[in-house]
Amino acid sequence: MSILYTPFGFIFRIFYDLVSNYGLALFLFTLLFRLILLPSSISQQKGTAKQMRLQPKIKKLQEKYKGNQVKLNEEMQALYSREGYNPMSAGCLPIQLPVIFGLLGVIYYPIQYVLGVDSNTVGEMTKIVQGLLGDTSIKQNLLELQVFNHLDEVIAKLPNLSAEIIDKLRGFDYTMFGIPLAETPSVATLSHIGSASKQELILLLVPLFSG
């Protein structure tokens, strides 16, 4: 997927250099691509609405030609032609898929594709993080994000890490509204919600807003 991740990371880096904050850069980056995809999204929504309106007619054809798939297909195509409906317009258009996958690369692998750190070095970092966490169940695509939570330990265990990479990692503002984006909301916070920090409470809201 690096053929998609690399150019998206380059574009994202432009936004990050402008605002010097990952969260804000991600917002602007997403907004840009939402605007680019707006025409296809409108087309998709129109297609879905038309499909819903055609459902009663489609159901009648299915009942009428039950057991005769060839005739049913012919009548369905005729119906689509009369109504000016393209079944493909109601699905996820091909242009949206590369954007979705490209965004995943920027979100899951910022060190490699936004900061431009080579994959071998990133691999060493994630191995150290996995060892520190002692949890083999953590998904591989989440390990790179955990580097920011254990940056001092990672740097200490990689004495050959260049000063340039260290500066990139330490200078990378991976936050939004002051909240570290690599942190994971915890249900355990509910047990001491009265004494929970502002950061813990805001993190609890993230899944809610996402939903």
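Residues numbered from 1 in each chain as written. Predicted model: local features only at pLDDT ≥ 70, side-chain atom pairs only at ≥ 80, totals over all residues. Heavy atoms only, no water.

Q: Please explain the pattern of salt bridges as it appears in this structure.
A: If charged atoms from side chains of opposite charge come close, those side chains can pair. Counted by the stated rule, this structure contains three salt bridges. Lys71 is paired through a salt bridge with Glu75; the nearest N and O atoms lie 3.3 Å apart. A residue pair is termed a helical-turn pair when its members lie 3 or 4 positions apart in one helix, as Lys71 and Glu75 do in helix 3 (residues 69-83) at four residues. (Salt bridge = Lys/Arg side-chain N within 4 Å of Asp/Glu carboxyl O. Helix = DSSP H or I, 4+ residues; strand = E, 2+ residues; numbered from the N terminus.)

Q: Just checking my understanding: could you explain the environment of Thr126 for this structure?
A: Structurally, the position occupied by Thr126 is in helix 6 (residues 119-133). Residues Thr126 and Asn141 lie 15 residues apart in sequence; the distance between their C-alpha atoms is 9.7 Å. Beyond its immediate chain neighbours, meaning those up to four positions away, Thr126 contacts Gln140, Leu143 and Glu144. A distance of 2.9 Å separates the side chain of Thr126 from the backbone oxygen of Gly123, its partner in a polar contact. (Contact = heavy atoms within 4.5 Å. Polar contact = N/O pair within 3.5 Å; in protein donor to acceptor, adjacent residues only side chain to side chain.)

Q: Sorry, what's going on with the confidence of the model for the chain here?
A: Parts of the prediction with low pLDDT should not have their coordinates interpreted in detail. On average, the chain scores 82 in pLDDT, and the residues at 70 or more come to 94%. Across the chain, helix 8 (residues 151-157) holds the top mean pLDDT of 91, while strand 2 (residues 179-180) sits lowest at 76. (pLDDT = per-residue confidence, 0-100.)

Q: When you look at the packing of helix 2 (residues 22-64) against helix 3 in this model, what are you seeing that I'm missing?
A: Working note: a packed helix pair is described by the angle between its axes plus the distance between those axes. The geometry of helix 2 relative to helix 3 is characterised by a closest axis approach of 11 Å and an angle of 150° between their N-to-C directions. With respect to their mutual orientation, helix 2 and helix 3 come out roughly antiparallel. Crossing angle aside, the handedness with which helix 2 passes helix 3 is right-handed. Of the residues in helix 3, those in contact with Lys50, Leu54, Lys57, Ile58, Leu61 and Gln62 of helix 2 are Leu72, Glu75, Met76, Leu79, Tyr80 and Glu83. Along the lines of polarity and charge, the residues of the contact of helix 2 with helix 3 split into seven nonpolar, one polar and four charged. (Axes fitted to C-alpha atoms, helices over the stretch in contact; angles between N-to-C directions. Parallel < 35°, antiparallel > 145°, perpendicular 65-115°, else oblique. Left-handed = near helix turned anticlockwise from the far one by under 90°. Nonpolar A, V, L, I, M, F, W, Y, C, P; charged D, E, K, R; others polar.)

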